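# Commentary on secondary and tertiary structure
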Amino acid sequence: MKVLFLLIFQIDLFLSVPSTMYEFGQKTSQILNLNPIPMTGNNTEVIYSYFTLDLESIKRVRRKTRVHVRSILFTLFGSVLRTILLEQKLNENNLPNYIFTAHSLPGPTHPRNKMCNDWTVGVFKVPIKNPNVLERLEETEQDYLEFQRKGIGKIIKSVLLPLMSLLPVTLLQKISDLETNVGTSWSAIVGGNDYKLLGHSIPHIWPFVGLTSPKMAVVTISLSHSQKLDVTLGINREFLSDAGAVNRITNELFSKELEDLVNISDRL
């Protein structure tokens, strides 16, 4: 029975590949054409900053809006980026409808009770032009649900990533040089409430990751544990060259956007 199930799954996967990959290609084309931050790729220096968000506040928004935590994080990221672009004198009418972010996801066979190296990736559009944050959150959630419904993550895991592993490094570098998406992000749920190292409690866990392309403006990685969400933020100096401006994002803007979203969702 298990063999039959796997056979049916593989046949269904094979039949769905062409249309799904076409849709994924369309979204990739949109990324190349709608990036609101023109990056030359000449700068490889990154400013890193670290901050913590209250996980209970995020869950509070989730309970009120009934969306996924990832959609909330995408929306917060879009709200912060929207503020920065407007402060850089970009007229609201000139804001693109969306920015795009690549985000890690658990693979199709990833267990829910332990960590393992079974992962895939998705590309999601995050609206930033609409001033209504709840409408942006709902639109982000619908894009995430559509991604899941079409099984694009399974296609990437089963087809695209294995194919890319066969390509020579020089060709992969050429592909990376073409990458102009606004950001990429990873997230993980560790859980637990008391982590220790050499007998000392660990209050924060800030993972570290570099930009995968010099044409990438922003990278984030978040890890939830002990009822908190620790976030590492990396910003290409070509986008923001002032470390003080980056620290303002982590010390002020993210917390403010989350507080505003909590207050708005509480009124629902």
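Small disclaimer: the values here were computed from a predicted structure and weren't measured.

## Focus: the overall build of the protein
For the protein, the helix and strand inventory stands at seven helices and eight strands. Residues counted as buried form 41% of the 268 residues belonging to the protein. Across the protein, the fraction of contacts at a sequence separation of at least 24, relative to all contacts at a separation of at least 6, is 75%.

## A short note on the pattern of salt bridges
Taken as a whole, this structure holds nine salt bridges when the rule is applied. For the salt bridge of Glu56 with Arg63, the shortest nitrogen-to-oxygen distance reads 2.6 Å. A salt bridge links Glu92 to Arg82, with the nearest nitrogen and oxygen atoms 2.8 Å apart. With a gap of 10 residues between them, Glu92 in the loop between helix H3 (69–87) and strand E2 (98–106) and Arg82 in helix H3 connect regions that are remote in the sequence. Classification of Arg82 as buried rests on a relative accessible area of 10%. One connected set of salt bridges, linked through shared partners, spans Glu87, Arg248 and Glu252.

## Points about the packing of H3 against helix H4 (residues 133–149)
Angle between the axes and distance between the axes: these two values describe a pair of packed helices. Relative orientation of the contacting elements H3 and H4 amounts to 130 degrees, with a least axis distance of 9 Å. In terms of axis orientation, H3 runs oblique to H4. Relative to H4, the crossing made by H3 is right-handed. Every residue of H4 that contacts H3 at Arg70, Ser71, Ile72, Phe74, Thr75, Ser79 and Arg82 is listed here: Val133, Arg136, Leu137, Thr140, Glu141 and Tyr144. Across the contact of H3 with H4, the residue classes tally to five nonpolar, four polar and four charged.

## Side note on the nonpolar core
One finds Leu53, Ile58, Ile72, Leu76, Ile235, Phe239 and Ile249 to be the most contacted residues of the largest nonpolar core, which totals 45 residues. Tallying contributions element by element places H3 first for this core, with nine residues. Those residues in contact with Ile235 that lie beyond four places of it in its chain are Glu45, Val46, Ile47, Ala217, Val218, Leu240, Val246 and Ile249.

## Quick notes on unusual backbone geometry
Its identity as a non-glycine residue notwithstanding, Arg66 has a phi of 60 degrees, on the positive side. Residue position: Arg66 is located in the loop between helix H2 (55–65) and H3. In this structure Arg66 comes out as exposed when scored by relative accessible area, which is 76%.

## Topic: the packing of aromatic side chains
How two aromatic rings sit relative to each other is set out by the distance from centre to centre and by the angle between their planes. This structure, assessed with the given rule, holds four aromatic pairs. Grouped by ring-pair contacts, the aromatic residues Phe74, Phe124, Tyr144 and Phe147 constitute a single cluster. Lying over the aromatic face of Tyr98, Lys125 brings its terminal NZ or CZ to 4.6 Å of the ring centre.

## Observations concerning helix H7 (residues 243–266)
Each α-helix winds once per 3.6 residues, and so residues spaced three or four apart point in a common direction. Helix length check: H7, at 24 residues, gives a terminal C-alpha distance of 34 Å against a target of 34 Å (1.5 Å per residue), a fit within 8%. Maximal helix bending in H7 amounts to about 40 degrees, located at Ile249. For H7, the secondary structure elements touched by its buried residues are strand E1 (46–54), H2, H3, H4 and strand E8 (228–236).

## Concerning the pairing of E1
Residues Ile47, Ser49, Phe51 and Leu53 line the buried face of E1, whereas the alternating positions Val46, Tyr48, Tyr50, Thr52 and Asp54 sit on a face that is not buried. Here E1 pairs with E8 via nine bridges, running antiparallel. Within E8, the position partnered with Asp54 by the bridge is Lys228.

## Observations regarding the environment of Ile249
Mapped onto the elements, Ile249 comes out in helix H7. Ile249 sits in the buried class, given a relative accessible area of 2%. Spatially, the C-alpha atom of Ile249 lies 8.8 Å from that of Ile84, the residues being 165 residues apart in sequence. Setting aside anything within four residues of it in sequence, one finds Ile249 in contact with Val80, Ile84, Leu233, Ile235, Leu240 and Phe254.

## With respect to the confidence of the model for the protein
Per-residue pLDDT for the protein has a mean of 75; in total, 68% of the residues score no lower than 70. By mean pLDDT, the top-scoring element of the protein is H2 (94), and the lowest-scoring one is helix H1 (residues 2–34) (44). When the criterion is pLDDT under 50, residues 1–22 qualifies, and its contacts beyond four places in sequence or with other chains add up to 12 contacts.

The rules behind each value
Residues numbered from 1 in each chain as written. Predicted model: local features only at pLDDT ≥ 70, side-chain atom pairs only at ≥ 80, totals over all residues. Heavy atoms only, no water. Helix = DSSP H or I, 4+ residues; strand = E, 2+ residues; numbered from the N terminus. Buried < 20%, exposed > 50% of the residue type's maximum accessible area, 1.4 Å probe, protein only. Contact = heavy atoms within 4.5 Å. Salt bridge = Lys/Arg side-chain N within 4 Å of Asp/Glu carboxyl O. Axes fitted to C-alpha atoms, helices over the stretch in contact; angles between N-to-C directions. Parallel < 35°, antiparallel > 145°, perpendicular 65-115°, else oblique. Left-handed = near helix turned anticlockwise from the far one by under 90°. Nonpolar A, V, L, I, M, F, W, Y, C, P; charged D, E, K, R; others polar. Core = buried A, V, L, I, M, F, W, Y, C linked by side-chain atoms within 4.5 Å. Phe/Tyr/Trp six-rings, centres within 6.5 Å; stacked < 30°, edge-to-face > 60°. Lys NZ or Arg CZ within 6 Å of the ring centre and 35° of its normal. Expected span 1.5 Å × (residues − 1). Bend = angle between axes of the 7 residues up to and from the residue. Pairing = 2+ DSSP bridges. pLDDT = per-residue confidence, 0-100.

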